[in-house]
Amino acid sequence: MASAPSSTSGLRRPDSGPHLPDDARHLVKILVAGPFGVGKTTLIDSVSEIKPLHTEEHLTEASVAVDDLAGVRDKTTTTVAIDFGRISLGGGVVLYLFGTPGQERFRSLWAEIAYGALGALVLVDTRRLDDSFGVLGLVEETGLPYAVALNVFPDARPYTDEQLRGALDLEPGTPMVTCDARDTNSSLDALITLVQHLIERKDA
C-alpha cells in the first residue's frame, strides 16, 4: 500500500502565536473531509501551528438514532460546524485547514465551508469504506481536486491499492496514500501529497 512521501524537512512549526510568517505569500484553503469518526479533528490537531479551533459537542442519547457509531464506539464527541488549523509549508505556502462535519445531517453546511477551497484531503477508514461514498460524492460535486488519505487503524483488514481504488471508484490520477492522523509527520506528508497534486494540475 502506498505511503505519502517524506517531505517535511522544510516545514516550520512555530509556537510563538497566531501571526503569519514574514515570508507567507500563498494562502491556501484546504478542506479536511471524511465520514464521522475518521480522524479529521485528530489530523488537524497533529499538524496545526496555532491552537486549533474546534466546534465539538458531546454525543448524547438524542443522537443515537442519527449518528452511526459502528466501528467508532469509543467516540464521545462530534464536530458540529468546523475544525480550523493552520500550517506553514516551505516557499511561503500557508495552508488553512477546514475540517468538515462528517454526518449527513450537517450536509447543508457543506457549500459554505467549501467556498474558496482549492482542494480537499479526504480521510478514509478502510474498516468502513461505505461511509466514505457520501463525502467523496460531495467533494466531486463541488469540482474540488482531492487526495485520499487512508487513516491507519490497528484492526483494519489489509487491502491492495487496486482493491481500495476499485472499491472507492477513484480516478487513476487521484493520489491515495496511507497516514496516521495522530502522527504529525505522517499527516503533513498526506497534506503535501495533496498540495503536489494541486500544483501538478495547475501546471497541466
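So, here is what we can say about the structure in this document. Everything quoted here is computed from the prediction, not taken from an experiment.

The next subject is the nonpolar core. Residues Leu31, Val122, Val139, Tyr146 and Val148 are the most contacted members of the largest nonpolar core, which totals 28 residues. Of all the secondary structure elements, the ones that give two or more residues to this core are strand S1 (26-33), strand S3 (77-88), strand S4 (93-99), helix H2 (110-114), strand S5 (119-124), helix H3 (133-142), strand S6 (146-151) and helix H4 (161-168). The element that contributes the greatest number of residues to this core is H3, accounting for four residues. Once residues within four sequence positions are removed from consideration, Tyr146 is found in contact with Ala120, Val122, Leu136, Val139, Glu140, Leu170, Thr174, Pro175, Leu194 and His197.

Turning to the packing of helix H1 (residues 40-47) against helix H5 (residues 184-203), a few remarks are in order. In the contact formed by H1 and H5, the axes pass within 8 Å of each other and the chain directions differ by 100°. With respect to H5, the axis of H1 lies roughly perpendicular. Here Leu43, Ser46 and Val47 of H1 lie close against H5, whose contacting residues are Thr184, Ser187, Leu188 and Leu191.

The next subject is unusual backbone geometry. Phi at Asp169 takes a positive value of approximately 55°, unusual for a residue other than glycine. Mapped onto the fold, Asp169 is located in the loop between H4 and strand S7 (176-179).

Per the stated rule, a full pass over the model turns up six salt bridges. A salt bridge links Asp125 to Arg127; the nearest nitrogen and oxygen atoms lie 2.8 Å apart. Of the residues examined, Arg127 reaches a relative accessible area of 29% and is grouped as partly exposed. A salt bridge links Asp125 to Arg128, with the shortest nitrogen-to-oxygen separation between them at 3.1 Å. Like Arg128, Asp125 is buried. Salt bridges sharing common partners tie together Asp125, Arg127, Arg128, Asp131 and Asp155.

Pairs of aromatic rings are described using the distance from one ring centre to the other and the angle between the two planes. Tallying each qualifying case throughout the model produces two aromatic pairs. Consider the rings of Phe84 and Tyr96, whose centres lie 5.9 Å apart with planes at 15°: the pair is stacked. One end of the pair, Phe84, is in strand S3; the other, Tyr96, is in strand S4, and 12 residues separate them in sequence. The residues Phe84 and Tyr96 share a single accessibility class, namely buried. Consider the rings of Phe84 and Phe98, whose centres lie 5.1 Å apart with planes at 65°: the pair is edge-to-face. One end of the pair, Phe84, is in strand S3; the other, Phe98, is in strand S4, with 14 residues separating them in the sequence. Neither residue differs from the other here; Phe84 and Phe98 are each classed as buried. Directly above the ring of Phe98 sits Lys29, whose terminal nitrogen or CZ lies 4.6 Å from the centroid. The ring centre of Phe153 lies 4.0 Å from the NZ or CZ of Arg127, which sits over that ring.

Cut-off values and rules
- Residues numbered from 1 in each chain as written.
- Predicted model: local features only at pLDDT ≥ 70, side-chain atom pairs only at ≥ 80, totals over all residues.
- Heavy atoms only, no water.
- Core = buried A, V, L, I, M, F, W, Y, C linked by side-chain atoms within 4.5 Å.
- Buried < 20%, exposed > 50% of the residue type's maximum accessible area, 1.4 Å probe, protein only.
- Helix = DSSP H or I, 4+ residues; strand = E, 2+ residues; numbered from the N terminus.
- Contact = heavy atoms within 4.5 Å.
- Axes fitted to C-alpha atoms, helices over the stretch in contact; angles between N-to-C directions.
- Parallel < 35°, antiparallel > 145°, perpendicular 65-115°, else oblique.
- Salt bridge = Lys/Arg side-chain N within 4 Å of Asp/Glu carboxyl O.
- Phe/Tyr/Trp six-rings, centres within 6.5 Å; stacked < 30°, edge-to-face > 60°.
- Lys NZ or Arg CZ within 6 Å of the ring centre and 35° of its normal.

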